[in-house]
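As a plain string of letters, each chain reads:
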2 protein chains.
Amino acid sequence: MHKGTTSLARQQQNLSPQQLIGELVERGELTDPGSPRGRLLNVAARQFEQKGFARTTVRDIATEVGILSGSIFHHFASKEQILCAVMREVTIFASARMHSAVQEAESPRDKLRACIQSELEAIHAQAVPGFSILVLEWRSLSKESRKEVLRLRDEYEHIWLGAIRAASCRGGDAALVRRLLVGALSHTYSWFKPRGKGLSIADLADRILLIFAP
Amino acid sequence: MHKGTTSLARQQQNLSPQQLIGELVERGELTDPGSPRGRLLNVAARQFEQKGFARTTVRDIATEVGILSGSIFHHFASKEQILCAVMREVTIFASARMHSAVQEAESPRDKLRACIQSELEAIHAQAVPGFSILVLEWRSLSKESRKEVLRLRDEYEHIWLGAIRAASCRGGDAALVRRLLVGALSHTYSWFKPRGKGLSIADLADRILLIFAP
DNA sequence: AACGCTACCAAGCAAGCGCTTGGTATTCAA
DNA sequence: TTGAATACCAAGCGCTTGCTTGGTAGCGTT
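Everything numeric here is computed off the predicted structure, so don't read it as measured data.

**Q** Quick question: what am I supposed to make of the interface of chain A and chain B here?
**A** A common way to express how large an interface is: the accessible area buried when the components associate. Each partner contributes to the interface: chain A provides 32 residues, whereas chain B provides 32 residues. Across the chain A/chain B interface, buried area totals approximately 2,700 Å², and carbon plus sulfur atoms make up 67% of it. Among the residues chain A hides against chain B, the three largest losses belong to Arg139, Leu180 and Ile211 of chain A. Together they make up 26% of the total. In this structure, the connection of chain A to chain B is made through four salt bridges. For the salt bridge of Asp173 of chain A with Arg207 of chain B, the shortest nitrogen-to-oxygen distance reads 3.6 Å. Run the count over chain A and chain B and you get eight residue pairs in polar contact (both at pLDDT 80 or more). Among the secondary structure elements, those contributing two or more residues to the side of chain A that touches chain B are helix H3 (36–51), helix H7 (133–136), helix H9 (174–187) and helix H10 (201–212) of chain A. Considering every element that reaches the side of chain A that touches chain B, the biggest residue donor is H9 of chain A, with eight residues.

Shown next, in the form of structure tokens:
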């Protein structure tokens, strides 16, 4: 289902998710998922996504990792710092993923499609577990932490705005379109399930592209 | 700024928010905002919207109302029942508001515009304090409470789907368009501020209409 | 062999949470 | 004048929460 130029190109030259993670870890931008801290972050990301930040206790996270709750604070200063770290890593990874996806697309329209599809893949945890937290749990972050994550997110949003401007997007300024897309895409988390015989993620991306850039 | 047919028609024949509430209270569908229970619901709605359900304590609500925390449970069986009641009343009120707004609009396109504008007004608390909770705090609700609210929401969504189908909307089926709009509109809560010299709510509604129904 | 470092355990503290209980002041109908 | 209903207070219970403290096992380096 849906064999566009994007996915073909990705299969040909792109790194696998594993390889991309490995590269980012080597550069020191991401925590090694195999390390204790990395395992902690992955578990926290999944739990925050499922139950929300407030309804997830440090004991929940510790139990799933297989340690006691107090041991968490050997790796993080506070529960909020866990959330902040998760958001930082998610942002970095999603940014790298989207960057390479956009580069492979050729036409402006395909680049925008790549953005939409990349974010959908991130949201639906095929690719970036914990991405939806960035929107859902934004209010749970302290002011300082928000600034920190926002700075990392700059690059990500910059790619988006460029793609929106280049494609012939309806509705005036790119920032508005992007903001509407943030809401529309992140909300798919609560109704769209890619498994099954319904729409695939690529199909959904096509439909959305059709609305915003006819 | 923006004097379309919709707002003019509304000024001519429509009930004021106060009158609409009064009517719904008389019919027994809404709690009287002047009653102790009503005051409690209003305060809870505002606090849930601002801080989220989990970060709002019953003591916070009680303090703002001017009673002690224990006294709340004279009116509600549990904190979750407060959230459920807030969502029920918000749904009923928003539904009634949108119903009358759509009825006054004449063309299918204006009816869809009325839906968009009505929901934006609800989200930005000019009209329906607590509306954004319906999306933001949906996960905080128990399964049974969700069913209850969903049943009330049926009418609201029915109006939406009708308006989307009638207007020449891009993007295939109405349900998909509505779901994208739910996300896009509710997310405006975190970036759009109608006060100031920027876009008004009516302006924003126009822009969004232009994207989804060109 | 001694050291230091990382990763963890065991135990528990202080604070805050939702909620309960028993009682009281006011109101209003019978 | 009584009785019931409403709306609330005063006090606190039991539990969960994020987090702290002091100690230890394992491991690689010198």
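After presenting the structure, the write-up continues.
**Q** Is there a simple way to explain the protein's contact with DNA strand C in this structure?
**A** Taken together, 17 residues surround DNA strand C, and among them Leu68, Ser71 and His74 of chain A together with Thr57 and Lys79 of chain B come closest. Per the 4 Å cut-off to the protein, sugar and phosphate atoms form 52% of the nearby atoms of DNA strand C. Here Leu68 of chain A contributes a backbone N or O atom positioned 2.7 Å from a phosphate oxygen of DNA strand C. At 3.0 Å, a side-chain N or O of His74 of chain A approaches a base nitrogen of DNA strand C.

**Q** Which parts of the structure should I look at to understand the environment of Leu150 of chain A?
**A** Positionally, Leu150 of chain A belongs in helix H8 (residues 143–166). When the C-alpha positions of Leu150 of chain A and Met87 of chain A are compared, they lie 9.8 Å apart, and in sequence the two are 63 residues distant.

**Q** Looking at this model, I keep getting lost on the side chain of Glu119 of chain B. Mind explaining?
**A** Residue and element names in this part refer to chain B. For Glu119, the position within the fold is in helix H6 (residues 108–123). When its relative accessible area of 2% is taken as the criterion, Glu119 is described as buried. Polar side-chain contacts of Glu119 include one of 3.0 Å to the side chain of Trp160. Residues within four places of Glu119 in sequence aside, it is in contact with Phe131, Tyr156, Trp160, Arg178, Val182 and Leu185.

**Q** Got a minute to help me understand the relation of the copies chain A and chain B in this structure?
**A** The relation between the two copies of this chain is a rotation about an axis and a shift parallel to it. Superposing chain A onto chain B requires a rotation of 180 degrees together with a translation of 0.0 Å along the rotation axis, leaving an RMSD of 0.0 Å. Here the two chains are linked by the operation of a two-fold rotation axis. The fraction of interface residues of chain A whose copies in chain B are also interface residues reaches 100%, indicating that both copies meet through the same surface.

**Q** Any chance you could explain the protein's contact with DNA strand D here in plain terms?
**A** Near DNA strand D lie 17 residues; those nearest to it are Thr57 and Lys79 of chain A together with Leu68, Ser71 and His74 of chain B. If you look at DNA strand D and keep only atoms within 4 Å of the protein, 54% of those are sugar or phosphate atoms. Note that a phosphate oxygen of DNA strand D is positioned 3.0 Å from one of the side-chain N or O atoms of Ser71 of chain B. Separating a phosphate oxygen of DNA strand D from a side-chain N or O atom of His75 of chain B is a distance of 3.0 Å. Partitioning the surface near DNA strand D into residue classes produces five nonpolar, nine polar and three charged.

**Q** Quick question: what am I supposed to make of helix H8 (residues 143–166) of chain B here?
**A** Each turn of an α-helix holds 3.6 residues, which means side chains three or four residues apart point in the same direction. Residue and element names in this part refer to chain B. Between its first and last C-alpha atoms H8 spans 33 Å; for 24 residues at 1.5 Å apiece the expected length is 34 Å, and the two agree. Its maximal kink placed at Arg153, H8 deviates by approximately 40 degrees. Taken together, the buried positions of H8 are occupied by Ser145, Val149, Arg153, Tyr156, Glu157, Ile159, Trp160, Ala163 and Ile164. Tucked inside the fold, the buried residues of H8 contact helix H5 (79–104), H6, helix H7 (133–136) and helix H9 (174–187).

**Q** Got a minute to help me understand the confidence of the model for chain A in this structure?
**A** Residue and element names in this part refer to chain A. Summarising the model, chain A shows a mean pLDDT of 91, and 93% of its residues fall at 70 or more. When pLDDT is averaged over each helix and strand of chain A, the minimum, 41, is found for helix H1 (residues 5–13) and the maximum, 98, for helix H4 (residues 58–65). Here residues 1–13 scores under 50 on pLDDT; set against residues more than four positions off or in separate chains, the count is 20 contacts. As a predicted assembly, this complex carries a pTM of 0.90 together with an ipTM value of 0.89.

Here is what the cut-offs are and how they apply
Residue numbers restart at each chain and count upward from 1, following the sequence in its written direction. Each chain gets a letter, beginning with A, and each ligand a number, beginning with 1, in the order they are written. Whole-chain, interface and lining totals are the exception, using all residues; otherwise, since this is a predicted model, local features are given only for residues with pLDDT of at least 70 and side-chain atom pairs are given and counted only at 80 or more. Water and hydrogen atoms play no part in the side-chain values, which are based on all heavy atoms of the structure. In what follows, residue pairs with any heavy atoms lying within 4.5 Å of each other are defined as contacts. What counts as buried area is the accessible surface, traced by a 1.4 Å probe, that two parts surrender upon association, with contributions from both included. Salt bridges are counted wherever a side-chain nitrogen of Lys or Arg sits within 4 Å of a carboxyl oxygen of Asp or Glu. Any N or O atom pair separated by 3.5 Å or less is treated as a polar contact, with the protein-specific requirement of one donor-capable and one acceptor-capable atom, and with residues adjacent in sequence counted only for side-chain atom pairs. Counting from the N terminus, the helices are the DSSP runs of H or I reaching at least four residues and the strands are the DSSP runs of E reaching at least two. Proximity criterion: a residue is near a molecule or strand once any of its heavy atoms comes within 4 Å of it. Buried, partly exposed and exposed residues are distinguished by accessible area as a fraction of the type maximum, computed with a 1.4 Å probe on protein chains only: under 20%, between the cut-offs, and over 50%, respectively. Superposing the copies works by least squares over the C-alpha atoms of residues that have pLDDT at least 70 in both of them. Any residue outside Ala, Val, Leu, Ile, Met, Phe, Trp, Tyr, Cys, Pro, Asp, Glu, Lys and Arg is labelled polar, Gly included; the first ten of those are nonpolar and the last four are charged. Multiplying one less than the number of residues by 1.5 Å gives the expected span of a helix. Throughout, the bend at a residue refers to the angle made by two axes, fitted to the seven residues ending there and to the seven starting there. A score from 0 to 100, pLDDT tells how confident the predictor is in each residue.

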